[in-house]
Structures are given as C-alpha cells and as structure tokens.
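Okay, here's what each chain looks like letter by letter:
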Amino acid sequence: MIPLYPLSAVAHQPDLRLALSLLAVSPDIGGVLIRGDRGAAKSTAARGLAALLPAAPDGTPAPFVSLPLGATEDRVVGTLDLEAALRGEVRLQPGLLAQADGGVLYIDEVNLLADYLVDVLLDVAAMGVNRVQRDGLSAEHPARLALVGSMNPEEGSLRPQFLDRFGLCVEVQAPTAAAERAEIVRRRMAFEADPAAFLATWRAEEEALAARLAAARERLPRVRVPDALLDTIATLSAEAGVRSLRADLVLYRAARALAALEGREEVQHEDLSRVAPLVLAHRRDPRLPPPPPTSPPAAPPPEQPPDHGAGPQDTPEDILAPTPPAAPLPLSPLAAVGSRRGGVGGPGRVVSSVPDPQPAALAVPATLRAALTRVAAGVGPAALTRGDFHAPVREEVAGRRVLFVADASGSMGTRERMGAVKGAMLAVLSEQGRRDRVALITFRGAGANLALDFTTDAAAAEAAITAAPTGGRTPLAHALRLAADVLAGEPQAQLVLLTDGRANVPLTPGGDAWAEALQMARALRQALRGAPALVVDTETGHVRLGRAAQLAQALGAAVTTLGGPQ
C-alpha cells in the first residue's frame, strides 16, 4: 500500500485543514471545493483525509478514489455487466462511486469535468445513495463518501449552480514567506526520503487528529443550534447576496460540526463567524458593490474629450447612467457555429439508442438487450444478428467561446451599445445544456482592458459589463491587439466587435490611429484561425464614415448593426 502524506503534516494551510476536518465530521455538508494555485497541497490534503475516516467493519481502511478526468458516465455510476448479459442475466456492474463508498472521492480539475457528471456526483454526495438507471435497468447502492474537488481558476470556472452545490470552498495559495516555503519543502523531502520514518514522526499528531474527529462524529447528533442564531445565519447569507437556501443549511451544518470538533454541544456565534467564509465565499453575488472605502478616492484627472461624434446627447449624465436594456444583438452569423449536434459517434454522452443494422458505433447494452429479448421470445437464432444492432444517440455537446470587444468610449450611443453587449453575453450563457463561455474586452480613454476572462458565470458577466467605465477617446487599435493576444490562447474562439470604427488613439505617438486599427484587424484575422467573427456597426448620426464595414473586411467578418443586418 502506498503511504499517504498525513493531513496533520500539511503546513500553513489552516483553512484547508479546517474544511476537510468539518467534512470528515459531517459528510452531509456536501463536499469541499479547493481552488488555488498549482502545487498548493490540494491533492495531498485530500489524500490525507482518507486516512482519518472510519475503517470498514472488516478493518479495511477507508478508500481514496481519484476520478480520472476522461472517465465516462458508465465508469463513474456503473453500467450493464456485459459478461452476465451474455449469459442471459440482467445485472449492473458498479462504478467508481461504489468503490468510494465510505471514503473519499477526489476530482482534480473538477471545472473541466462534464456538467452532467458534476451534477451526478454532487447528488450522490448529498444523498449518500447512487441510483443507477441504465438502458431500462434500475438499481441503487450506498455511496456515503466525502467529495473533494480541486481546480485552478486560471483554467476556467464552474457554473454557479455547481458552485452552490459544493458545501464548502477553500481558496489556497502557496505561501510567499521564505521560512514557510522552506518548512514545506523540508517536510516533503523528509517524507520522500523515508516515508516510514516520517509517518512515525507524525504518528502522535495524526492519531490525536483522528481521535478528535471520531469524538466529534460521536458528539455531532447532540449538538444544538440556539434559535437566536438562525437569524444570524439568515443575515449572513442575505448580506452576501445569496438567494439559495442551501447556504443557510450548510452554515447550520458546518457550525454544528465545528462545535462538535471543539468539544461543545451548543453552537456559538464565533462558530458561525469561522465557517461563514468557507460557506459563502463561492456563493457571494459578484454584482454586489465592494465595501465602501475608508476615505473618498481622489477625483481622476478629466478625460480628454473625444474628437468626433460629440453632440448635445453626449452629456456626462448620459454616459454615466446605468446601462439600459437594449434590443437583442443579432448574432445570427455566429449562431450555427461551434455547436456539435449529437449523433452516432458524437462526443456527448449516450442518451438513447436506435436500431441500425450498419451502425458506425455500437450501443452494446441496447444491442444485447434486443438479442436477449428476441431469443427469449423464441424468434431467430440464439446469436447476435444485424437486426439486433443499435446505434447510440448522443446529446448535444457545446463549447462555444465568444469574445466580446466593446467600444466604451464617449461617442454617441454608448448606453445602447453597452446594453446590447450585456444582453448578448447573457443570451449566450442562458442556452440550456451548453457549456458556452464568454469573455469581454472594453476599450476607452488610452487603452483596452480584459474586463472578464472566459467564463460560464452569467452573474460575473453581468457584473463586468455593469461595472465597466465609459467615456473618453477610442483606442480601437489597442483593443484589437489585446483581442489577438487573448485569442492566441483560445483556438476557434469567436469574436464579436462593437464599434463605430472612429479610432483616434494611435498605438505609437504621432501614428495614424485608423491605419493602425486596420493593421491590427488583419493581425487579429490570423489569430482567429478561420473562426467566425462579427462586427456590429454602432455608428450614429447623419454623417457616417462606414469604417465598421472596412474593419469587417480586414477581419474577414460578417457585419451588422444594432438594428439588424446591413
């Protein structure tokens, strides 16, 4: 058996150790999500947790099961036992969830796991039972497990509905202090050099922690929460902008687990204060304003006024007013791109099957069931025939990535333009059953800014566009250059550019802002690598230069207006 690094030896991660300890005391908390840098002891701590869980009645240690990122649904939840089916028996073969019963199921890079698998895993962690319905068969088995997921936020985020399903969330970072880093390296090297000696050194601390957790599990049913603290729980959730009642329930359970861990049978206000960051940080509404500053910030220097498009409509009140609703942005040139419909051999999970005497891929369970049914009825030979063959039908798998580049300068129509961007971004993210992601670049004043990296989080997208400042000049070339940098790391991502094309901030002092914008557009076309792009012409007024159409030509993009296609 491979020795596991003890959880008690994990240094300088107190929140991580606390969250895992609470999960060991009360698995109904619903799992722990660990977010943070690579090499911050995420997987090491998860493995250490398994050694502290109760052993099976036969003395077998609690299992630690690591879910492979490419695991199929059959491998996770179970499937038809093909060997038994060939003998005419209907039986299910257990999957990884059954193997993890009584222990830890660890999912590294959970943000990259298919949505439907995340949903299944969180359901099982909450209920303690895995109900399998496969190809007309139904069965269930216990799956009382501690679910631990880890992720690096730089590689993408989880959808908000999945974040909410994780009971606790810990943000971990590698320490920056030299002494702390040296201590971590010293312990790790000692473990790798002689695991047995290292475990012997930490045996007393590990046994003390295991005993403390066992005592807390025994004490937990007797822990009560004073009725007055229910108001505190509700207030904490409401102040964080959390609409889901799951946060209140997890606060209640986590506070009880902490009280049990501390040797008490009544929850105190301090327990709620300690667990609240673990429960609420990942559920907090990103649209909430930050806490007010202690002193008013100094007024920024006035922006140089735009040198075009100024008119009586462009007052500061118009520019700074809240983003209004706008007519839907016409994204039809992009609508059919990036989606992959299900079918035989498709990438999605199998949702059904159809008879097919010449399938490109074989739906084995459905094929065997058809043959067994036919043979049992005494029809035809007692062997597979082409008439038994079924082909799998797979669900649609999506993965569009759409980069929105929005002109936030002080030209006419800023409010309508930003409102259209907001509506379009939310429309992309609202499609059910998809994993589409959006990102946002805004440009104004002297440069461009990546206001939102690629995400599936609609609340974060709305917060980014709502908080985007407006006004000032139009650094179009800067925005196109930044877009090319972003798309260089996102192959086949799509582009939506909203601008009137009236660039007036050059990349180089004394340069021609418009000529540089066209040059950057041609460079951006290379970064797109054939992926579709759309330019939305936002030019208004009686005198129009038609530069958006010229940009679209340089980009190889379709062109439309806020009111519809040209």
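In this text the structure is predicted, and so the values were computed from the model without any measurement. (Residues numbered from 1 in each chain as written. Predicted model: local features only at pLDDT ≥ 70, side-chain atom pairs only at ≥ 80, totals over all residues. Heavy atoms only, no water.)

## Some details on the pattern of salt bridges
Counted under the stated rule, the structure contains 19 salt bridges. Between glutamate 183 and arginine 186 there is a salt bridge, with its nearest N and O atoms 2.7 Å apart. Placement of the pair is glutamate 183 and arginine 186 together in helix H8 (residues 178-193), with a separation of three residues, close to one helical turn. Residue arginine 186 is classed as exposed on the basis of its relative accessible area, which comes to 52%. A salt bridge links arginine 502 to glutamate 539; its shortest N-O distance comes to 2.8 Å. With a gap of 37 residues between them, arginine 502 in the loop between strand S17 (494-499) and helix H20 (513-528) and glutamate 539 in the loop between strand S18 (533-537) and helix H21 (547-555) connect regions that are remote in the sequence. A single burial state applies to arginine 502 and to glutamate 539, both of which are buried. (Salt bridge = Lys/Arg side-chain N within 4 Å of Asp/Glu carboxyl O. Helix = DSSP H or I, 4+ residues; strand = E, 2+ residues; numbered from the N terminus. Buried < 20%, exposed > 50% of the residue type's maximum accessible area, 1.4 Å probe, protein only.)

## Considerations on H20
Its 16 residues place the ends of H20 22 Å apart at the C-alpha level, agreeing with the 22 Å of an ideal helix rising 1.5 Å per residue. When we look at burial in H20, the residues that qualify are Ala513, Trp514, Glu516, Ala517, Leu518, Met520, Ala521, Leu524, Ala527 and Leu528. If you check the start of H20, you find a side-chain oxygen 3.1 Å away from the backbone N of tryptophan 514, and it comes from aspartate 512. Remark: arginine 529 follows H20 within two positions and exhibits a positive phi of approximately 55 degrees. (Expected span 1.5 Å × (residues − 1). Polar contact = N/O pair within 3.5 Å; in protein donor to acceptor, adjacent residues only side chain to side chain.)

## Looking at the nonpolar core
Ranked by size, the top nonpolar core spans 60 residues in total, and within it Leu20, Leu22, Val32, Leu49, Val148, Leu168 and Leu280 carry the most contacts. Tallying contributions element by element places helix H12 (residues 246-261) first for this core, with 10 residues. The next biggest cluster of nonpolar side chains, apart from the first, holds 35 residues, and it includes Val405, Ala484, Val535 and Ala548. (Core = buried A, V, L, I, M, F, W, Y, C linked by side-chain atoms within 4.5 Å.)

## Topic: the layout of surface pockets
Its boundaries defined by the atoms lining it, the second largest pocket holds a volume of some 500 Å³. Pro27, Gly102, Gly103, Arg144 and Leu145 are the residues nearest the centre of the second largest pocket, which is lined by 25 residues in total. When residues of the lining of the second largest pocket are traced back to their parent elements, those giving at least two are helix H1 (14-25) and helix H6 (115-127). Counting residues per element, the lining of the second largest pocket draws most heavily on H6, which supplies three residues. Looking at the lining of the second largest pocket residue by residue, the classes come out as 16 nonpolar, four polar and five charged. (1 Å grid on protein atoms, 1.4 Å probe; cavity = no way out; pocket = protein on both sides within 12 Å on 5 of 7 lines; lining within 4 Å. Points joined across faces, edges and corners; volume = space filled by probe spheres on them. Nonpolar A, V, L, I, M, F, W, Y, C, P; charged D, E, K, R; others polar.)

## Looking at the packing of aromatic side chains
Under the defined criterion, the tally for this structure stands at five aromatic pairs. Clustering of aromatic rings is evident, with ring pairs tying together Tyr5, Phe191, Phe198 and Trp202. (Phe/Tyr/Trp six-rings, centres within 6.5 Å; stacked < 30°, edge-to-face > 60°.)

## Describing unusual backbone geometry
Phi angles above zero are rare outside glycine, and histidine 12 is one such case at about 60 degrees. Looking at where histidine 12 falls in the secondary structure, it is placed in the segment before H1. With a phi angle near 55 degrees, glutamate 109 is a residue other than glycine that sits in the positive phi range. By the secondary structure assignment, glutamate 109 is in the loop between strand S5 (104-108) and H6.

## As for the packing of H1 against helix H10 (residues 203-219)
It is the contact of H1 with H10, at a shortest axis distance of 9 Å, that shows an interaxial angle of 45 degrees. Taken together, the axes of H1 and H10 lie oblique to each other. At the point where H1 passes H10, the crossing takes the right-handed sense. Along its contact with H1, which presents Ser21, Ala24 and Val25, the element H10 presents Leu209, Leu213, Ala216 and Arg217. A per-class count over the contact of H1 with H10 returns five nonpolar, one polar and one charged. (Axes fitted to C-alpha atoms, helices over the stretch in contact; angles between N-to-C directions. Parallel < 35°, antiparallel > 145°, perpendicular 65-115°, else oblique. Left-handed = near helix turned anticlockwise from the far one by under 90°. Contact = heavy atoms within 4.5 Å.)

## Structural notes on the confidence of the model for the chain
The pLDDT averaged across the chain works out to 80; a share of 81% of its residues lies at or above 70. Ranking the elements of the chain by mean pLDDT puts helix H14 (residues 316-320) last, at 36, and H12 first, at 95. Segment residues 290-328: pLDDT under 50, and 43 contacts once partners within four positions in sequence are set aside and those in other chains are kept. Within the model, the stretch residues 335-346 combines pLDDT values under 50 with 28 contacts to residues more than four positions away or in other chains. (pLDDT = per-residue confidence, 0-100.)

## A look at the sheet that holds strand S8 (residues 146-151)
With parallel pairing, the five strands of this open sheet are ordered in space as S2-S5-S8-S1-S9. Both outer strands of the open sheet, strand S2 (64-66) and strand S9 (168-172), are each paired with one neighbouring strand and no more. For this sheet, the mean inter-axis angle between neighbouring strands, taken without regard to orientation, is 20 degrees. Where S2 and S5 come together, three bridges link them in parallel fashion. Across the sheet, the residue bridging to serine 66 is tyrosine 106, located in S5. Most of the contacts of helix H2 (residues 42-50) go to S5, to which it runs at about 170 degrees, and overall it touches strand S1 (32-36), S2, S5, S8 and S9. (Pairing = 2+ DSSP bridges.)

## Notes on the pairing of strand S14 (residues 401-407)
Taking burial as the measure, the seven residues of S14 include seven buried ones, the bulk of the element. Alternating residues of S14 divide into Arg401, Leu403, Val405 and Asp407 and Val402, Phe404 and Ala406, and every residue in both groups is buried.

## Structural notes on the environment of valine 242
One can find valine 242 in the loop between helix H11 (227-239) and H12. The buried category is assigned to valine 242, whose relative accessible area is 13%. A sequence separation of 78 residues divides valine 242 from aspartate 164, and the C-alpha atoms of the two residues are 9.4 Å apart. Look past the residues within four positions of valine 242 in its chain and what remains in contact with it is Ser237, Ala247, Leu280, Arg283 and Arg284.

## Remarks on helix H16 (residues 364-376)
In this model H16 runs 18 Å from its N-terminal to its C-terminal C-alpha over 13 residues, within 8% of the 18 Å that 1.5 Å per residue would give. Remark: glycine 378 follows H16 within two positions and exhibits a positive phi of approximately 75 degrees.

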